[in-house]
Amino acid sequence: ELVEQCIKARVKRIWLFGIAGSDKKYCNLEQKCREHDIALIADLCPFMFLPQPGFIHRFHGGIMKILGKFPK
């Protein structure tokens, strides 16, 4: 329902936290976003992107950067 509301509102970026996995409904969300040119950020902790995150969030973000998986 949230993605449908975003489509109607012409939102171009959606951040959905906590949807990891290969569950079919989540794959459908990704497909629906692609169909409507919506950039989907899925299952990345938003705290990693704060200016001064706590240690665990800095650590998590740092590991992702080392592995080349930190989004731009």
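Look up a bit, the structure's there.
So, here's what we can say about the structure.

About the thresholds
- Residues numbered from 1 in each chain as written.
- Predicted model: local features only at pLDDT ≥ 70, side-chain atom pairs only at ≥ 80, totals over all residues.
- Heavy atoms only, no water.
- Core = buried A, V, L, I, M, F, W, Y, C linked by side-chain atoms within 4.5 Å.
- Buried < 20%, exposed > 50% of the residue type's maximum accessible area, 1.4 Å probe, protein only.
- Helix = DSSP H or I, 4+ residues; strand = E, 2+ residues; numbered from the N terminus.
- Contact = heavy atoms within 4.5 Å.
- Pairing = 2+ DSSP bridges.
- Phe/Tyr/Trp six-rings, centres within 6.5 Å; stacked < 30°, edge-to-face > 60°.
- Expected span 1.5 Å × (residues − 1).
- Salt bridge = Lys/Arg side-chain N within 4 Å of Asp/Glu carboxyl O.

1. Things to note about the nonpolar core
Across soluble globular proteins, nonpolar side chains show a tendency to be buried alongside one another.
And then number 1: Core analysis: the largest hydrophobic core is formed by seven residues, namely Val-3, Cys-6, Ile-7, Ile-14, Leu-16, Cys-33 and Ile-38.
And then number 2: Within the residue set of this core, elements represented by two or more residues are α1 (2–8) and β1 (13–16).
And then number 3: Tallying contributions element by element places α1 first for this core, with three residues.
And then number 4: Beyond its immediate sequence surroundings of up to four residues, Ile-14 is in contact with Val-3, Cys-6, Cys-33, Ile-38, Ala-39, Leu-40 and Ile-41.

2. What about the pairing of β1?
And then number 1: Side-chain alternation along β1 places Ile-14 and Leu-16 on a buried face and Arg-13 and Trp-15 on a face that remains uncovered.
And then number 2: Two strands pair when backbone bridges link them, and β1 and strand β2 (residues 39–42) are joined in this way by four bridges, in the parallel orientation. Bridge pairing in β2 places Leu-16 opposite Ala-42.

3. Some points on the packing of aromatic side chains
The geometry of two aromatic rings is summed up by the distance between their centres and the angle between their planes.
And then number 1: If you walk through the whole model with that rule in mind, you get three aromatic pairs.
And then number 2: For the ring pair Trp-15 and Phe-49, a centre distance of 5.2 Å and an interplane angle of 85° mean the geometry is edge-to-face. With Trp-15 in strand β1 and Phe-49 in the loop between β2 and α3 (55–66), this pair connects stretches of sequence that are 34 residues apart.
And then number 3: An angle of 25° between the planes, with centres 6.0 Å apart, marks the rings of Phe-55 and Phe-59 as stacked. With a gap of four residues between them, Phe-55 and Phe-59 both fall in helix α3, about one helical turn apart.
And then number 4: Classification of Phe-55 by relative accessible area gives exposed; the value is 58%.

4. A word on α3
And then number 1: The first and last C-alpha atoms of α3 sit 16 Å apart over 12 residues, in line with the 16 Å expected at 1.5 Å per residue.
And then number 2: Backbone geometry just after α3 places Gly-68 at a positive phi near 75°.

5. Focus on unusual backbone geometry
And then number 1: Despite not being glycine, Arg-10 has its phi angle at roughly 60°, a positive value.
And then number 2: For Arg-10, the location among the structural elements is in the loop between α1 and β1.
And then number 3: One non-glycine residue, Asp-37, adopts positive backbone phi at about 55°.
And then number 4: For Asp-37, the position within the fold is in the loop between α2 (24–35) and β2.

6. Some words on the pattern of salt bridges
Close approach of charged atoms lets side chains of opposite charge pair.
And then number 1: The full count for this structure, using the stated rule, is one salt bridge.
And then number 2: Across the pair Glu-4 and Lys-32 runs a salt bridge, and its minimum N-O distance is 2.7 Å. Of this pair, Glu-4 sits in helix α1 while Lys-32 sits in helix α2, placing them 28 residues apart in sequence.
And then number 3: With a relative accessible area of 33%, Glu-4 lands in the partly exposed category.

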